Amino acid sequence: MRVDDLLTWITQGCLLLIAALTVVDLIWHRDRARIDIALMFGALAAIVLIQGLTTVMRRQVPWLGQVGAILLLAQPYLLLRLVQHFRPVPRPVQWVAFVGMVISWTILVAFPAPLPPPLALLIVAYFVYVEGYAAVAFARGALRTGGVTHHRLLLAAIGSGMLALVILLAGVNRALPAGTGITTPLSRLLALLCMLSYYLGFVPPRWLRHAWQLSELQRFLQAMAGRAADERVTTTLNQLCLTGTRAVGGLGAAVALCDTPSQQLTIRASSGLPALGGSLMASSGAIGRAWHAHQPTVARTPADFGMDVIPLAAAAGAAALLVVPIATAGRAWGLLVVFLNRGPLFATDDLNLLALLTEQSAITLDNADLQREIIERERTEAVRSELLKQTQAAVQARDQFLSIASHELKTPLTSLLGNVHVIERRAAREGGWSERNLQALRVIGDQAQRLNKLVGTMLDLSRIESGQLSIERLPLDLYALVQRVVAEMQPTLEGQTVDLHRPNEMIIVAGDELRLEQVIHNLLGNAAKYSPSGGAIRVQVDRNTTMAWLAVTDQGMGIPQAALPNLFQRFYRAPNVDYRQISGVGIGLYVVKEIVTLHGGEVHVTSTEGQGSTFTICLPLIDNQHMSAQADLA
Amino acid sequence: MKQRRRMGMGILVIDDETSIRDVLTEVLEDEGYGVVTAANGLEAISVLRQSSEPPCVILLDLMMPVMTGWEFRKEQQQDPALAAIPVVVLSATQNIKKEATTLGAAAHIPKPINFVTLLATVERYCAAHP
């Protein structure tokens, strides 16, 4: 086997491979650029197939040869069609290509081989001109783009240049047959290089595409690296526009991000475009498809752009768009829109590369968002703890004030009450006071007492709130205490009768006498207060195995079922209480509960509205035997 | 009224509040007791040491400037001439019972003062006086 035969076979195999791959590619992704690519390589492959067929059949079939020649002569025209996909081709050049093709066909049909040299040279000239033009166009396209398309266009330019040289050599051969010895192997080598370039340019293997993508991605990431966190988002968006534009040879690009509350896409960055602003609706066209289906999308005609972009595209002079979502798995951030003056030749590669860039940008946006969230949370936390500190200080100041104020109020009250006491005693002893004056004096005494109680309650409240309410637990006879308080209260009752039940045995609890007196006083006071129309107040003291209990039952107005859970909260008053009729601030039961709880006891309430209430307190019992043992020790 | 007046120094009231001293004096004198007052523990000590006859009872406030009730009590207990005088603690502190026990007081009355209780208590220590 001769070396140049081997070269030819490799070249032809390469061509067949390219044709097969482009056809497969066309089947997978149908678009006009792919049709033209498949057409061009299909035509070239057909020539190879015809040659092969002729070799196998071992005889010339004239019409097959003619078909092959016609397909070959169509190649420059088909190549020019490819160029038209990514840059405009002047009309005269288009005409030259078309007319040249038709004239070549005519010559081929009209003159049987071998062709007269001038005509052959004419065909060669047509070939070389169009191929050369395409090669230059590809090269210029390559210079205008970056990324994968840059490499592919460059290889297409090299391939076309080689093809032009091959044809030129064929022409030289025809003009100077003596040089065949040199030109034939050279043209075979060039043809091989041409096909390899076309192979890498038009159907590059995946690894090569990735390598090209990576270099572009690297550049993008380098541009963002080393930026301060607060300008990273802006840098990312600007860089995305710049890199996106260059990578696909666009006129410019814009990034629109979705505003969370309004769900509107607002343009946040752009490059190579007239001053932009405003928002996009993403309701129709390529923009709408990219946004709602999260799919990188190409639009090759303004009609397909989407309503909102048309003015922008017009201002930029764009005839095609690439729209790529900026999104991570968790969040759709927005869209990258790249404006092109012609539809892209290698749309899939362009979209893939842009998707790679937008993915990185989305990750940066995610990170920035996360960082912002963290900073925000830290700030909120700081504000909250500061507020908490202030609130605690305010509460402390309030409690302190209450405590001081109460102490300060107690002194004049003691003086007032003492003097009332002195006058009352003197009046009783010496007489001479009119009943009216005595009544006025009683009012002073009663109201001072009332004020005194309020001050005491306030002081208790501040003690409870600041955790300073302390109790001294000493053994005490619960019934005796109840009996004393009842006796003290008897004179103040108006229409209510107290029905006190003596237990069968002495009931001793560990308690603070003053505090428990307060509790009993509050419960009895409430029973009387909320039975304005009188009735019996039943007071029962008894014990079970572990606890002593005291129950106070009235026949008063009762408490609504819904109010019961809130009853022991401070400042709470049941809704059926008429404030104008029955005064109170809603502290008594709160204090009762606090005191009983501090004793290790419990408060319970049952009530039927309109029939009365029962308040029961339970207190830990001291065993009688235990008590007597203590008494013995003492 | 005159026949109820007791002889001697009577009752010593120790309280830093003038109005409390005044009202106690008024109430107690009205009942026929003799009353001497002091504004703090130190003053009380000097009053006690100057007088020929000890009071039947001392009404002692706890929180006072110069010399507190606790300090006074310590001083009093160290002086054999004064140690036997019964002391009734008058205080607004919520732990009055505990304080009174610690101080070895004869009785305690919480502030604001219930004057009926006060008179009953005082009578226990001063009834025996001529």
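Being a predicted model, the structure only gives us computed values, none of them experimental. (Residues numbered from 1 in each chain as written. Chains lettered and ligands numbered in written order. Predicted model: local features only at pLDDT ≥ 70, side-chain atom pairs only at ≥ 80, totals over all residues. Heavy atoms only, no water.)

*Asks:* Is there a simple way to explain the interface of chain B and chain A in this structure?
*Replies:* Often, the extent of an interface is quoted as the loss of accessible area on bringing the components together. With 21 residues of chain B in contact, the opposing surface of chain A contributes 23 residues. Inspection of the chain B/chain A interface yields six salt bridges. Residues E31(B) and R425(A) are paired through a salt bridge, measuring 2.8 Å at the closest nitrogen-oxygen approach. Where chain B packs against chain A, one counts six residue pairs in polar contact (both at pLDDT 80 or more). Within the residue set of the side of chain B that touches chain A, elements represented by two or more residues are α1 (18-30), α4 (96-103) and α5 (115-126) of chain B. (Contact = heavy atoms within 4.5 Å. Salt bridge = Lys/Arg side-chain N within 4 Å of Asp/Glu carboxyl O. Polar contact = N/O pair within 3.5 Å; in protein donor to acceptor, adjacent residues only side chain to side chain. Helix = DSSP H or I, 4+ residues; strand = E, 2+ residues; numbered from the N terminus.)

*Asks:* When you look at empty space enclosed by the protein in this model, what are you seeing that I'm missing?
*Replies:* In this approach a probe as big as a water molecule rolls over the atoms, and the regions it shows empty are the leftover space. Residues and elements named next belong to chain A. On inspection of all chains with the given rule, the structure shows four cavities of 30 Å³ or more. Lining the largest cavity are 17 residues; nearest its centre among them are F86, T145, L153, V248 and G249. Listed by contribution, the elements that provide at least two residues to the lining of the largest cavity are α5 (117-144) and α6 (147-175). Residue classes in the lining of the largest cavity are distributed as seven nonpolar, six polar and four charged. (1 Å grid on protein atoms, 1.4 Å probe; cavity = no way out; pocket = protein on both sides within 12 Å on 5 of 7 lines; lining within 4 Å. Points joined across faces, edges and corners; volume = space filled by probe spheres on them. Nonpolar A, V, L, I, M, F, W, Y, C, P; charged D, E, K, R; others polar.)

*Asks:* Quick question: what am I supposed to make of the pattern of salt bridges here?
*Replies:* Pairing of side chains with opposite charge becomes possible as their charged atoms draw close. Residues and elements named next belong to chain A. Per the stated rule, a full pass over the model turns up 32 salt bridges over all chains. Ionic pairing is found between E373 and R377, a salt bridge with its closest N-O pair at 3.7 Å. With E373 and R377 both in helix α12 (residues 347-430), this residue pair falls four residues apart, about one helical turn. Residue R377 is classed as exposed on the basis of its relative accessible area of 53%. The shortest N-O distance in the salt bridge between R484 and E517 comes to 3.2 Å. Here R484 is found in helix α14 (residues 478-489), whereas its partner E517 is found in helix α15 (residues 513-529), with 33 residues between them in sequence. (Buried < 20%, exposed > 50% of the residue type's maximum accessible area, 1.4 Å probe, protein only.)

*Asks:* Even after reading the chapter, I still don't get the sheet that holds strand β10 (residues 535-543) of chain A, so can you show me in this structure?
*Replies:* Strand pairing in a sheet relies on backbone hydrogen bonds, with the paired strands running either antiparallel or parallel. Residues and elements named next belong to chain A. Read from one edge to the other, the open sheet built from five strands follows the order β8-β10-β11-β13-β12, with strand pairing classed as mixed. Two strands in the sheet have a free side with no partner beyond their single neighbour: β8 (496-501) and β12 (602-608). Averaged over neighbouring strand pairs, the angle between their axes works out to 15° when direction is ignored. Here six bridges tie β8 to β10, and the two strands are oriented parallel to one another. Across the sheet, the residue bridging to Q496 is G535, located in β10. (Pairing = 2+ DSSP bridges. Axes fitted to C-alpha atoms, helices over the stretch in contact; angles between N-to-C directions.)

*Asks:* Just to check I follow, could you spell out the nonpolar core for this structure?
*Replies:* Taken as a class, soluble globular proteins show a tendency for nonpolar side chains to be buried jointly. All names here are of chain A. By size, the foremost hydrophobic cluster in this structure holds 57 residues, and its most contacted members are F41, L82, F138, M195, Y198, F202 and L345. If you list the elements that add at least two residues to this core, you get α1 (3-28), α2 (32-57), α3 (62-86), α4 (91-110), α5, α6 and α7 (180-202). Residues in contact with F138, not counting those within four places in the same chain, are L79, L82, V83, F86, L153, A156, A157, S160, F202 and L345. Counting 48 residues, the second-largest nonpolar core is a separate cluster that includes V552, A574, I582 and V603. (Core = buried A, V, L, I, M, F, W, Y, C linked by side-chain atoms within 4.5 Å.)

*Asks:* Looking at this model, I keep getting lost on the sheet that holds strand β1 (residues 11-14) of chain B. Mind explaining?
*Replies:* Residue and element names in this part refer to chain B. Spatial ordering of the open sheet is given by β2-β1-β3-β4-β5, a layout of five strands whose pairing is parallel. Looking at strand neighbours, the two that pair on one side only are β2 (35-38) and β5 (107-110), the edges of this open sheet. The sheet shows a mean angle of 20° between the axes of neighbouring strands, direction not considered. Inspection of the sheet shows strand β4 (residues 87-91) paired to β5 by four bridges, in the parallel sense. Across the sheet, S91 pairs through a bridge with P110, a residue of β5. Across the sheet, helix α3 (residues 69-78) lies against β1, β3 (57-61) and β4, angled at about 145° from β3, the strand it touches most.

*Asks:* I keep staring at α4(B) and nothing clicks. Help me out?
*Replies:* For the α-helix, the turn length of 3.6 residues means that residues three or four positions removed from each other point alike. Residue and element names in this part refer to chain B. When α4 is considered as a whole, its buried residues turn out to be I96, A100 and L103. Burial along α4 is one-sided: seen end-on, the buried residues are contained in an arc of 70°. Along α4, the residues that are exposed and aim more than 90 degrees away from the buried face are K98, T101 and T102. (Arc of directions from axis to C-beta.)

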